[in-house]
Amino acid sequence: MLKYCRSLPIVLLLLFAFGCPLQAEELRWFKGNLHAHTNRSDGDASPADVIRWYLEHEYDFLAITDHNVVASIRGIVEKDGRRLLVIPGQEVTSGMIHITALNVSGEIPSGLELMADEVTEYVTEHFRTKGLNEPRALGFSLLSQELKVIEGVVDAINAQGGLAVLCHPVMSFDVEHLVQAKGVRFIEIWNANVDGMYSVYSKWKKVPLTGISTTYRMPTRGSAEYRWSQALDEGKRYYGIAVDDAHHFSGSGALAGGGWIYVRARELSWPALKESLENGDFYATTGIIFKELSVTAEGEVTVEIAPEPKRTYTIKFISHGNKVVKSVSGTRGSYTAREEDVYVRVRADGGVNHMAWTQPVYYEGINPKEIA
Ligand SMILES: [Zn+2]
Ligand SMILES: [Zn+2]
């Protein structure tokens, strides 16, 4: 038996069948990006130009997340009959620890002051030079110090009623951080301007999946999706987000449009989006669109891809242990989660950097924390 409304909010059929308050016809999909920069930090475009780009590319919502600056624009922006909800945010930047704060109004301190002075010096120097000394040789645990920063930043975001997202784990977080962090449920499993680069060049495939962590974590510990999978296996119920982390809207560089999410919500407002995000009623994508995403009362997960010409698709159902329990070549696939799967999530592939990921669906009766 599956946990219905709490664990499987993506299931409209179940919402009907078990009397949850939302009605299917009231829900629709909204497209949005939760991580973008302007020239208020290291982007190359004004907030107005950034907003225009997302409006013209038919996004429904956008979070502006400059480094250590809270965006001043918020609310619905309209142009040529299109509406974009602008969510004020900040990318709280503490050395290499980056956490986006969504829908906050006051600036979130970086949290670096929570570290011991010698650690801050080390991290600052490390960030500047990218020299890779082994921190343990310096007499402190970088992990414990960084966990203090994560905790301080996440607490400050939650205290404002905001929503925290751990950014680009390949750069900022090892699985140990993801497992031990508290008060945060969202991680970027695809940041187009970090993961896209490493996917294209396949660098992370050429290094072992385990090894000594460094502050500048890059690919030595596996992809963001792999770290997500490891954290899920340790009982952490993270939801995975895709973002573009756009910095550059002219010329080349960290461009816009390489990753986003679709949220199924009752209306285009932050309270409605937040509710659906917290219920896991969304999926992450770099281009694949699901025309169906559902789970039946028997726990059968189904996705159907809206196909594009000249593309072929693979749909993988992935369980605890990062195990592919079913793989389908085509645009439609179903799988019924078994007890031994613990959870099942979908990854769809349609070519290089053309993917989509659903959130994990859990099997009732298993407490993931009890899984070794
Ligand atoms: Zn960042
Ligand atoms: Zn960023």
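These figures come from a predicted structure and were not determined experimentally. (Residues numbered from 1 in each chain as written. Chains lettered and ligands numbered in written order. Predicted model: local features only at pLDDT ≥ 70, side-chain atom pairs only at ≥ 80, totals over all residues.)

Looking now at the overall build of the protein chain. A count of helices and strands for the protein chain gives 9 helices and 18 strands. Sequence-distant contacts in the protein chain: of pairs separated by 6 or more residues, those separated by 24 or more amount to 63%. (Helix = DSSP H or I, 4+ residues; strand = E, 2+ residues; numbered from the N terminus. Contact = placed C-beta atoms within 7 Å.)

Within strand 16 (residues 343-349), 6 of the 7 residues are buried, which leaves it mostly tucked inside the rest of the structure. Judged from the 6 bridges that link them, strand 13 (residues 314-319) and strand 16 form a sheet pairing that is antiparallel. By the bridge assignment for strand 16, I315 is matched with A348. Sheet analysis places strand 16 next to strand 18 (residues 361-362), joined by 2 bridges and oriented antiparallel. Bridged to Y343 within strand 18 is Y362. (Buried ≥ 20, exposed ≤ 12 C-beta atoms within 10 Å, placed from the backbone. Pairing = 2+ DSSP bridges.)

Moving on to helix 2 (residues 47-56). For helix 2, every residue scored as buried is listed here: V50, I51 and Y54. Taken end-on, helix 2 shows its buried residues confined to a sector of 100 degrees, consistent with a single buried face. Facing away from the buried side of helix 2, by more than 90 degrees, are the exposed residues A48 and E56. The secondary structure elements touched by the buried residues of helix 2 are strand 1 (28-33), strand 2 (61-64), strand 3 (75-79) and strand 4 (82-94). Positive phi appears at E58, one or two residues downstream of helix 2, with a value of about 65 degrees. (Arc of directions from axis to C-beta.)

Ordered by their spatial adjacency, 3 strands build an open sheet running 11-12-15, and the pairing between neighbours is antiparallel. The sheet terminates laterally at strand 11 (290-295) and strand 15 (332-336), the two strands that pair on one side only. The mean inter-strand angle of the sheet, taken between neighbouring strand axes irrespective of direction, is 5 degrees. (Axes fitted to C-alpha atoms, helices over the stretch in contact; angles between N-to-C directions.)

What follows deals with helix 8 (residues 224-233). Counting buried positions along helix 8 yields 9 of 10 residues, so the element is predominantly enclosed. Among all positions in helix 8, only A224, E225, R227, W228, S229, Q230, A231, L232 and D233 are buried. Positive phi shows up at G235, right after helix 8, with a value of about 95 degrees.

By the bridge criterion, 5 bridges tie strand 11 to strand 12 (residues 300-305) in an arrangement that is antiparallel. In the strand pairing of strand 12, F290 is matched with I305. Between strand 11 and strand 12, which pair antiparallel in sequence order, lie 4 residues; one of them, G299, sits at a positive phi of approximately 85 degrees.

A separate point is the confidence of the model for the protein chain. Here the protein chain shows a mean pLDDT of 83. Residues at 70 or above account for 78%. Throughout residues 202-217 the model reports pLDDT below 50, and contacts reaching past four residues in sequence, or to other chains, amount to 30 contacts. Predicted confidence is poor over residues 365-372, with pLDDT under 50, and the contacts of this stretch with residues over four places away or in other chains come to 10 contacts. (pLDDT = per-residue confidence, 0-100.)

Next up on the list: the nonpolar core. Inside soluble globular proteins, nonpolar side chains tend to come together where they are buried. Residues L62, I99, V165, I241 and I261 are the most contacted members of the largest nonpolar core, which totals 98 residues. At 6 residues, the largest contribution of residues to this core is made by helix 4 (residues 142-159). If you count residues domain by domain, this core takes at least three from each of domain 1 (1-25 + 285-365) and domain 2 (34-255). (Core = buried A, V, L, I, M, F, W, Y, C linked by C-beta atoms within 7 Å. Domains from an automatic or database assignment.)

Take unusual backbone geometry next. Not every positive phi belongs to a glycine, and H168 is a case in point at roughly 20 degrees. In this structure H168 comes out as buried when scored by C-beta crowding, with 23 C-beta atoms within 10 Å.

Assignment of secondary structure puts S110 in the loop between strand 5 (97-102) and helix 3 (117-129). Residue classification places S110 among the partly exposed residues on the basis of 19 C-beta atoms within 10 Å. It is 9.9 Å that separates the C-alpha atoms of S110 and A156, two residues lying 46 residues apart in sequence.

Turning next to the environment of T285. Relative to the helices and strands, T285 is located in strand 10 (residues 282-285). Overall, the presence of 21 C-beta atoms within 10 Å leaves T285 in the buried class. As for T285 and W190, which are separated by 95 residues in sequence, their C-alpha atoms are 8.3 Å apart. When neighbours within four sequence positions are excluded, T285 is seen to be in contact with A242, W260, Y262, M355 and A356.

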